[in-house]
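Close look at the chain arrangement
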Amino acid sequence: MVLTDTNDYIRVLTLNRPDSLNAFNQAIWEGLSDALTDACDDNSVKVIVITGAGRAFSAGADLSQKDQQPSKRPGGSVGVRQFVDQMIEFPKPIIVAVNGLGVEIGATICGLADISYMAESARLRCPFSTLGITAEGASTYTFGHIMGRQAASWFLLGAEWMSAAECKDAGLVLELFPDDEFMDSVMQRAATLAKMPLASLLETKVLMMAPHREGMHAANTRETEALARLSGGPANREAISAFLEKRDPDFSHLEQ
Amino acid sequence: MVLTDTNDYIRVLTLNRPDSLNAFNQAIWEGLSDALTDACDDNSVKVIVITGAGRAFSAGADLSQKDQQPSKRPGGSVGVRQFVDQMIEFPKPIIVAVNGLGVEIGATICGLADISYMAESARLRCPFSTLGITAEGASTYTFGHIMGRQAASWFLLGAEWMSAAECKDAGLVLELFPDDEFMDSVMQRAATLAKMPLASLLETKVLMMAPHREGMHAANTRETEALARLSGGPANREAISAFLEKRDPDFSHLEQ
Amino acid sequence: MVLTDTNDYIRVLTLNRPDSLNAFNQAIWEGLSDALTDACDDNSVKVIVITGAGRAFSAGADLSQKDQQPSKRPGGSVGVRQFVDQMIEFPKPIIVAVNGLGVEIGATICGLADISYMAESARLRCPFSTLGITAEGASTYTFGHIMGRQAASWFLLGAEWMSAAECKDAGLVLELFPDDEFMDSVMQRAATLAKMPLASLLETKVLMMAPHREGMHAANTRETEALARLSGGPANREAISAFLEKRDPDFSHLEQ
């Protein structure tokens, strides 16, 4: 579910479930988590690149696999909360390469990356409100930090699609590249970092995360608690019914 | 002094003292505060829009009403400090619609809003230094967060007018709209939020404010104390004399 | 080593070692520190401007003077750590005028300034990784605050030159001016601030620094400790050897 490729100190992790637009199911959460652990422990890896196979980056959580199976993984099961904590603590530079559409964690992961790049045709969406739930991925901290609270409020509350140009203007990705040169351009940037001594990369990253680490973990915890309050509630149930019935949700009766 | 209008879960609060450019006097502070409390308690309201009647948004504090009357309001008197605390704690999304010029709290309120929009011909100014006082509205926290400390320093120390384009570049407002389409455009954005379930709006807003709430209250407290130190001091007295005598203030003798 | 000029409440401090591109040696650190103390104590000074003599702003630390002499200065020796702490605590507005190239502290000082301006032909670089060391000047706090963590990561990890336009887009400087009008334009901005009463400048600056002071000092402390860990280590030794042998450093063997 997660392809691994290493060249010149750069490890590329590719979400590989293209028929499901690389939606996160349990196998992807755990495969990506294990791949990060390997990349952390491997001295031949200085820089990590996360991207998606096929036309999408990631469609977010797989709604058809909502009920997580008990994990047979030695370290216990991995979901969004565990993954976010792992990203916050990860010591080597992580580049997120948004090759196509990104939804939910496929969008909020940009705020967890050290640097994100985006293909010009890609777009992102955080549809949490329309699902009757709330934002995740520590985005209620990182998005405000990156783009200011106003743009973050609109993006996280309003659930609109955001074009690549809008994502760049907001600072959610550092640069856009044409689709047909996308991964080549990303790998050039990664190579610039991979020429540096690992000791400098590690020390500088830990310094840069120091002002944010605690705030990001706290946001992850609060978001997890809020999600637990909203999951299965009236708005979330209406959103799921509407999804199954292929209609727009109608939340108006909930506010009577 | 504050008009109220509700449609489709959106409550519009209009500062209505157009002959005084909607300057904040005691009736406006208390009327706006009470209107916010009503909007908070009313389950038919999801989103609040604050705007101004006539050509101005708000000229700031009414200098002709500096001495506040003892309030007959049950909750006690309301001034800038109480209003700012109320805005920080307000649980539903607030959109500030800057329809015309904004001065002092008519400018700094943009940093208290979840989202601000601005008419293309409008402009903002924070003339605190020229009045011999200092910034309010928690702007010494929010402006640095929104636009970086450099732009915030220039705007708050330098007291220059800031065009709509400059305000948008700085991130102080999210979008500009042509004057003749302004409120229609704002209401379209508000309608996007008002379609969402209230539970998601409330949970997401509280998450997004969590990293900032304490810092904003602390700034409000510090600003109130600093204002008390400067009010009636030599620079403030010179500014008031110059205003009454219709001349530019001259602070040079104060630094001998 | 540091020229001083005062006019109309503005004190200009000019790094004056143009033959060494105004690189910081002990005399510059201590001269600038003493000049700041004088400007702080002098009631005829409201605003400080720091710039460089000749074509460069500052080439950073002077590698040929790495071993600091025991200082005969009454207050003890001054290096980057002491200077950064002094900048963080300095009570009057400081404008950094980047007249030409800036490297290391010649770049990171922009994050310590209240406002920075840059000549259109100037450029900045933070080559810490290529030297086998890590970032200083509290930049691991200020750069993330100013430009977001992504742009800051690229600038501080990637060690690439950053053009004036890129510095302005990132918010590291507030405005660019043509080279031949540069200091005139900076002095006009400084004059706008210098017309204000000192009491307002002091109170507003302390309010604006309050949310950041502790975080900036903590970053300075962490950076100093990290620099001590990396100085003289394998990557730093390879960088110095490469510099002396006029070749590119090769850090690849360090990651075996």
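Residues numbered from 1 in each chain as written. Chains lettered and ligands numbered in written order. Predicted model: local features only at pLDDT ≥ 70, side-chain atom pairs only at ≥ 80, totals over all residues.

Our next topic: the interface of chain A and chain C. Contacts between the two partners involve 27 residues from chain A and, on the opposite side, 33 residues from chain C. Of all the elements in the fold, those that place two or more residues in the side of chain A that touches chain C are strand 6 (115-119), helix 4 (139-158), helix 6 (182-194) and helix 7 (198-209) of chain A. Looking at the side of chain A that touches chain C, the element that brings in the most residues is helix 7 of chain A, giving 8 residues. When grouped by side-chain class, the residues that make up the side of chain A that touches chain C number 15 nonpolar, 9 polar and 3 charged. (Contact = placed C-beta atoms within 7 Å. Helix = DSSP H or I, 4+ residues; strand = E, 2+ residues; numbered from the N terminus. Nonpolar A, V, L, I, M, F, W, Y, C, P; charged D, E, K, R; others polar.)

Let us now look at helix 3 (residues 105-112) of chain A. Residue and element names in this part refer to chain A. Along helix 3, 8 of the 8 residues are buried, which leaves the element largely enclosed by surrounding structure. Residues of helix 3 that are buried include every one of Ile105, Gly106, Ala107, Thr108, Ile109, Cys110, Gly111 and Leu112, and no others. For helix 3, the elements touching its buried residues are helix 2 (80-89), strand 4 (94-98), strand 5 (102-103), strand 6, strand 7 (123-125) and helix 4. (Buried ≥ 20, exposed ≤ 12 C-beta atoms within 10 Å, placed from the backbone.)

Turning to the nonpolar core, a few remarks are in order. The nonpolar side chains of a soluble globular protein tend to be buried with one another. Ile95 of chain A, Val49 and Ile95 of chain B together with Val49 and Ile95 of chain C are the most contacted members of the largest nonpolar core, which totals 272 residues. Excluding anything up to four places from it in sequence, Val49 of chain C contacts Ile10, Val12, Leu13, Ile95, Ala97, Val186 and Ala190 of chain C. (Core = buried A, V, L, I, M, F, W, Y, C linked by C-beta atoms within 7 Å.)

A few words on the sheet that holds strand 8 (residues 162-163) of chain C. Residue and element names in this part refer to chain C. Spatially, 5-7-8 is the arrangement adopted by the 3 strands of the open sheet, whose pairing is mixed. Edge strands, defined here as strands with exactly one partner in the open sheet, are strand 5 (102-103) and strand 8. Of the strand pairs in this sheet, strand 7 (residues 123-125) and strand 8 are connected by 2 bridges, and their pairing is antiparallel. Across the sheet, residue Leu124 finds its bridge partner in strand 8, namely Met162. (Pairing = 2+ DSSP bridges.)

It is worth spelling out the pairing of strand 3 (residues 47-52) of chain C at this point. Regular strands have side chains that alternate between both faces of the sheet. Residue and element names in this part refer to chain C. Here strand 3 lies mainly inside the structure; 6 of its 6 residues are buried. Residue alternation in strand 3 divides its side chains into two sets, Val47, Val49 and Thr51 and Ile48, Ile50 and Gly52, and both sets are buried. Two elements, strand 2 (residues 10-15) and strand 3, share 6 bridges in a ladder whose sense is parallel. What sits directly across from Arg11, in strand 3, is Ile48. For the segment spanning strand 2, helix 1 (residues 26-41) and strand 3, crossover handedness is right-handed. In this structure, strand 3 lies alongside strand 4 (residues 94-98), joined through 3 bridges in parallel fashion. Across the sheet, the residue bridging to Ile50 is Val96, located in strand 4. (Right-handed = clockwise from strand over helix to strand, strands pointing away.)

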